[in-house]
Amino acid sequence: MQQNILDIYHHLVKQYEHLDDEEKKAILIYKSKIFDFMNAITCVDHFEELSAAEIASRIPDLNYHLDKIEHFRKIVDLKENMMVKYTIFQGIHLDNPLQLIDDLKREYQILLQAKDKMMLQEDLVVYRGVSLEHLEDVSNLARGNIISTSIKIEDTEPFLFQKDINILYVIHLKKGTSLLVAPVSLVHTYKDHEDYLYHKLNGIEPNLLKLMNRGEEGCQEVILFKDSLNLLDIQTRKIEKEEGNLIIYTIDTEPVIQFRKNNVKG
């Protein structure tokens, strides 16, 4: 990776370090296994003004999301994950769907508050890979407001060629764009080598939750907000790969200028 791109990312991490604990926790919650549900909530028109019950009634495939939440709740409730449960997920009601919707609405507002404290200091290109069953209006980057991207194109590979429609977004960001980074993640991992072998040999996913700093070798994730971007120009091309067809959207953007209550720190 070019050193200049790493320098840009490192500067963003320095800004991240100035966020308060509540804001860092909101990023961890979003990047956990419940990010899909938060995205589904923010896709509901005028969700900020609706009750949890009204939002739930408007989420397509609600039971699919609730099944995933219940599976994740059981993992969080394991004794080896008590530290995670009573720190990161303190106050997050994984056992009550309507309360959880209100919790995630609150965490979403904290994310908005956090991204107004961070600003891109130089132009940057980020990437996003998406696999869909049907071609949709994908030029808008995402259904909801939050867009997960990476500064490394290879990080998109796990998200491509899973379904019939495969899209690679190449997003050109301008200096001054508000965004977030997620240098620390909550990952599913193993207790030790013996635990690793047991899970691998039996085809069972790991269930130990651990905070991990991704470093330069891991995914350098950049979280964008659609309402902070003006889409200026969209170029489309299709290429044929051995795994299938890939649609590439190259998108030029500029930041939506908003009043910031907090100074951006370097």
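Being a predicted model, the structure only gives us computed values, none of them experimental.

Draft legend 1. Structural detail: helix H5 (residues 62–76). The end-to-end C-alpha distance of H5 is 21 Å, a good match for the 21 Å that 15 residues give at a rise of 1.5 Å each. Every buried residue belonging to H5 is among His65, Ile69, Phe72, Arg73, Ile75 and Val76, and all of these are buried. Taken around the axis of H5, the buried residues stretch over an arc of 155°, which confines them to a single face. In H5, those exposed residues whose orientation departs by more than 90 degrees from the buried face are Asn63 and Asp67. Contacts from the buried residues of H5 go to helix H3 (35–42), helix H6 (82–85), helix H7 (97–115), strand E5 (184–189) and strand E6 (208–213).

Draft legend 2. Structural context of the pairing of strand E3 (residues 165–173). Most of E3 is tucked away: eight of the nine residues are buried. As judged from the nine bridges shared by strand E1 (residues 124–132) and E3, these two strands associate in the antiparallel manner. By the bridge assignment, valine 126 is partnered in E3 with isoleucine 171. In this structure, E3 lies alongside strand E9 (residues 244–255), joined through six bridges in parallel fashion.

Draft legend 3. Region of interest: the environment of glutamate 157. Within the element layout of this structure, glutamate 157 appears in the loop between strand E2 (146–150) and E3. Using a relative accessible area of 56% as the deciding quantity, one classes glutamate 157 as exposed. Spatially, the C-alpha atom of glutamate 157 lies 9.3 Å from that of arginine 128, the residues being 29 residues apart in sequence.

Draft legend 4. Representation of the pattern of salt bridges within the structure. Tallying each qualifying case throughout the model produces nine salt bridges. Ionic contacts of the salt-bridge type, sharing partners, join the residues Glu70, Arg73, Asp77 and Lys85 into one network.

Draft legend 5. Quick peek at the packing of aromatic side chains. Going through the model one piece at a time under the given rule, you end up with four aromatic pairs. Here phenylalanine 47 and tyrosine 108 contribute two aromatic rings whose centre-to-centre distance is 5.3 Å and whose plane-to-plane angle is 70°, an arrangement assigned as edge-to-face. Here phenylalanine 47, found in the loop between H3 and helix H4 (52–57), pairs with tyrosine 108, found in helix H7; they are 61 residues apart in sequence, far enough to count as distant. No difference in accessibility class separates phenylalanine 47 from tyrosine 108, as the two residues are buried. Sitting over the face of the ring of phenylalanine 225, lysine 115 holds its NZ or CZ atom 5.7 Å from the ring centroid.

Draft legend 6. Looking closely at the environment of methionine 212. As for its placement among the helices and strands, methionine 212 is situated in strand E6. In the structure, methionine 212 is positioned 70 residues away from alanine 142 in sequence and 27 Å away in space, judged by C-alpha atoms. Excluding residues within four positions of it along the chain, methionine 212 makes contact with Pro183, Val184, Ser185 and Val187.

Draft legend 7. Representation of the nonpolar core within the structure. Counting residues in each nonpolar core, the largest one holds 70 residues, and the members touching the most others are Phe89, Leu94, Leu111, Leu180 and Leu224. Judged by nonpolar contacts, the second largest core, of six residues, contains Tyr127, Leu168, Val170 and Ile248.

Draft legend 8. Geometry of empty space enclosed by the protein. All chains considered together, the criterion is met by one cavity of 30 Å³ or more. Taken as a whole, the largest cavity spans an internal volume of roughly 30 Å³. Taken together, Lys33, Ile34, Asp36, Phe37, His65, Lys68 and Ile69 form the lining of the largest cavity. Going through the elements one at a time, H3 and H5 are the ones with two or more residues in the lining of the largest cavity. A per-element tally of the lining of the largest cavity places H5 first, with three residues. Here the residues of the lining of the largest cavity sort into three nonpolar, one polar and three charged.

Draft legend 9. Expanded view of the environment of tyrosine 249. Mapped onto the fold, tyrosine 249 is located in strand E9. Take tyrosine 249: its relative accessible area is 12%, and that puts it in the buried class. Through-space distance from the C-alpha of tyrosine 249 to that of tyrosine 169 is 4.9 Å; in sequence the pair is 80 residues apart.

Rules of the game
Residues numbered from 1 in each chain as written. Predicted model: local features only at pLDDT ≥ 70, side-chain atom pairs only at ≥ 80, totals over all residues. Heavy atoms only, no water. Helix = DSSP H or I, 4+ residues; strand = E, 2+ residues; numbered from the N terminus. Expected span 1.5 Å × (residues − 1). Buried < 20%, exposed > 50% of the residue type's maximum accessible area, 1.4 Å probe, protein only. Arc of directions from axis to C-beta. Contact = heavy atoms within 4.5 Å. Pairing = 2+ DSSP bridges. Salt bridge = Lys/Arg side-chain N within 4 Å of Asp/Glu carboxyl O. Phe/Tyr/Trp six-rings, centres within 6.5 Å; stacked < 30°, edge-to-face > 60°. Lys NZ or Arg CZ within 6 Å of the ring centre and 35° of its normal. Core = buried A, V, L, I, M, F, W, Y, C linked by side-chain atoms within 4.5 Å. 1 Å grid on protein atoms, 1.4 Å probe; cavity = no way out; pocket = protein on both sides within 12 Å on 5 of 7 lines; lining within 4 Å. Points joined across faces, edges and corners; volume = space filled by probe spheres on them. Nonpolar A, V, L, I, M, F, W, Y, C, P; charged D, E, K, R; others polar.

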